[in-house]
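# Fold and contact review
One-letter residues, chain by chain:
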2 protein chains.
Amino acid sequence: MIIEETIKQWHQLLEAKDPSQLKNLLADDVVFHSPVLHTPQKGKALTTMYLSAAFYVLTNSGFKYIREVLQDNQAVLEFEAVVDDIVVNGVDMIECDENGKITDFKVLVRPLKGLQMLQTKMFELLSKK
Amino acid sequence: MIIEETIKQWHQLLEAKDPSQLKNLLADDVVFHSPVLHTPQKGKALTTMYLSAAFYVLTNSGFKYIREVLQDNQAVLEFEAVVDDIVVNGVDMIECDENGKITDFKVLVRPLKGLQMLQTKMFELLSKK
């Protein structure tokens, strides 16, 4: 299953807390789908920006993956984190091409309170740039 | 893969627009995780109520599944619908026991606007009961 090696590298990147490794893992024409916004964010630069910001907000908040469902070139990783005492439960839906590069990255978050908190944090962080 | 038959029956139930079939598909101790609320909703009665209401809101809105990822006893079904001109994109995460009965049903929805719209519609519908 082609996605397995991609997900292995994804986990290594998260463990190393090193978003700079994203450049090796993302396809040039990768599309990022935000849990908050409808409009897809296209390309490596925008996707790297969003994922790096999410790293920053979530990885110091007890972020952990709690379920993985893999098939062919598709992976769904369910995560949980607690930010400012608010539970954030979400999924990363990841699609890769035949070379294992990530071509599509979609994030969904529940419950509503968790999503609103994430929106506030991400907005604060991205506004500073 | 045990989940395949369960998902086949789930699709038949949706095509027939017949939520009464849920009684055969859900385990007695099934847990439903709402996209809006943090607290898990426990048992067949509550899960049937939420899923039936979601059927009502979504199935007349061009609801369709656009991606399926299955592994072992886990399924992730991604859907899309358009309600009052607002796009609702979400996933159903379904877990079954060794008999193929659904023991865990989690729904996540994006974008924020779609989730808020769904919250309003579900609240209106469930308040009438």
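These notes cover the structure that comes with them. (Residues numbered from 1 in each chain as written. Chains lettered and ligands numbered in written order. Predicted model: local features only at pLDDT ≥ 70, side-chain atom pairs only at ≥ 80, totals over all residues. Heavy atoms only, no water.)

## Here's the deal with the relation of the copies chain B and chain A
Relating one copy of the chain to the other requires a rotation about an axis plus a shift along that axis. Selection rule: All copies are superposed by least squares; the fitting set is the C-alpha atoms of residues with a pLDDT of at least 70 in both. Should any heavy atoms of two residues lie within 4.5 Å, those residues are considered in contact.
It takes a turn of 180 degrees to lay chain B on chain A, together with a shift of 0.0 Å along the axis; the resulting RMSD is 0.0 Å. Look at the turn and shift together and you get a two-fold axis relating the two. A share of 100% of the interface residues of chain B reappears at the interface of chain A, consistent with the copies meeting face to face through the same patch.

## What about unusual backbone geometry?
Quick reminder of the rule: Here a strand is any run of E in DSSP of at least two residues, a helix any run of H or I of at least four, and the numbering for each starts at the N terminus. Burial classes: relative accessible area under 20% of the type maximum marks a residue as buried, over 50% as exposed, and values in between as partly exposed (1.4 Å probe, protein chains only).
Between A:Arg110 and the following residue, A:Pro111, the backbone shows a cis peptide bond with an omega angle of -15 degrees. Here A:Asp72, not a glycine, exhibits a phi torsion of approximately 55 degrees, which is positive. Relative to the helices and strands, A:Asp72 resides in the loop between β3 (64–71) and β4 (74–83). For B:Asp85, which is not a glycine, the phi torsion comes out positive at approximately 65 degrees. Structurally, the position occupied by B:Asp85 is in the loop between β4 (74–83) and β5 (86–96). Of the residues examined, B:Asp85 reaches a relative accessible area of 75% and is grouped as exposed.

## What about the side chain of B:Ser34?
Defined as follows: Under the rule applied, a polar contact is a pair of N or O atoms within 3.5 Å (in protein, one hydrogen donor and one hydrogen acceptor; residues adjacent in sequence only if both atoms are side-chain atoms).
Locating B:Ser34 in the fold gives a position in the loop between β1 (26–33) and β2 (41–42). Of the polar contacts made by the side chain of B:Ser34, one reaches the backbone nitrogen of B:Leu37; its length is 2.9 Å. For B:Ser34, the contacting residues outside a window of four places in its chain are A:Arg110 and B:Val107.

## Observations concerning the pattern of salt bridges
Between side chains of opposite charge, pairing is possible as soon as their charged atoms come close. Just so we agree on the cut-off: Whenever a carboxyl oxygen of Asp or Glu lies within 4 Å of a side-chain nitrogen of Lys or Arg, that contact is scored as a salt bridge.
Per the counting criterion, the structure on display carries 10 salt bridges over all chains. In this structure, A:Asp28 and A:Lys44 form a salt bridge, with 3.4 Å as the shortest nitrogen-oxygen distance. Of this pair, A:Asp28 sits in strand β1 (residues 26–33) while A:Lys44 sits in helix α3 (residues 44–58), and the two are 16 residues apart along the sequence. For A:Asp28, a relative accessible area of 62% corresponds to the exposed category. Several salt bridges share partner residues, and in doing so they unite A:Arg67, A:Glu78, B:Glu95 and B:Lys106 into one network.

## Describing the packing of aromatic side chains
All names here are of chain A. To keep things clear, this is the line we draw: Stacked, tilted and edge-to-face pairs are distinguished by plane angle, under 30 degrees for stacked and over 60 for edge-to-face with tilted covering the rest, among Phe, Tyr and Trp rings (Trp via its six-membered ring) whose centres lie within 6.5 Å.
Taken as a whole and judged by the stated rule, the model has 14 aromatic pairs over all chains. Aromatic side chains Phe-63 and Tyr-65 sit 5.1 Å apart centroid to centroid with 80 degrees between the ring planes, which places their arrangement in the edge-to-face category. Assessed through its relative accessible area of 21%, Phe-63 is described here as partly exposed. Grouped by ring-pair contacts, the aromatic residues Trp-10, Phe-32, Tyr-50, Phe-55 and Phe-105 constitute a single cluster.

## Some points on helix α3 (residues 44–58) of chain B
We count it as follows: Any helix carries an expected span of 1.5 Å times its number of residues minus one.
An ideal rise of 1.5 Å per residue puts 21 Å on 15 residues; α3(B) measures up with 21 Å between its terminal C-alpha atoms. Every buried residue belonging to α3(B) is among B:Thr47, B:Tyr50, B:Leu51, B:Ala53, B:Phe55, B:Val57 and B:Leu58, and all of these are buried.

## With respect to the interface of chain B and chain A
Our working definition: By buried area we mean how much accessible surface two parts lose on assembly, using a 1.4 Å probe and totalling the loss over both. For this classification, Asp, Glu, Lys and Arg are treated as charged, while Ala, Val, Leu, Ile, Met, Phe, Trp, Tyr, Cys and Pro are nonpolar and the rest, including Gly, are polar.
Contacts between the two partners involve 31 residues from chain B, matched on the other side by 31 residues from chain A. Buried surface at the junction of chain B and chain A, both sides included, amounts to about 2,700 Å², of which 59% is carbon and sulfur. For the chain B face of the interface with chain A, the top three residues by lost area are B:Arg67, B:Arg110 and B:Leu112, together amounting to 26%. Inspection of the chain B/chain A interface yields four salt bridges. Remark: the boundary between chain B and chain A carries 17 residue pairs in polar contact (both at pLDDT 80 or more). Contributions of two or more residues to the side of chain B that touches chain A are made by β3 (64–71), β4, β5, β6 (102–110) and α4 (112–127) of chain B. Residues of the side of chain B that touches chain A, tallied by class, amount to 15 nonpolar, nine polar and seven charged.

## With respect to the nonpolar core
To be explicit about the condition: We define a nonpolar core as any set of buried Ala, Val, Leu, Ile, Met, Phe, Trp, Tyr and Cys residues linked to one another through side-chain atoms lying within 4.5 Å.
In this structure, A:Trp10, A:Ile94, B:Trp10 and B:Ile94 are the most contacted members of the largest nonpolar core, which totals 74 residues. For A:Ile94, the residues in contact, after removing those within four places along its chain, are A:Ile3, A:Ile7, A:Trp10, A:Asn73, A:Gln74, A:Ala75, A:Leu77, A:Ile102, A:Asp104 and A:Phe105. The next biggest cluster of nonpolar side chains, apart from the first, holds 10 residues, and it includes A:Val91, A:Leu108, B:Val91 and B:Met93.

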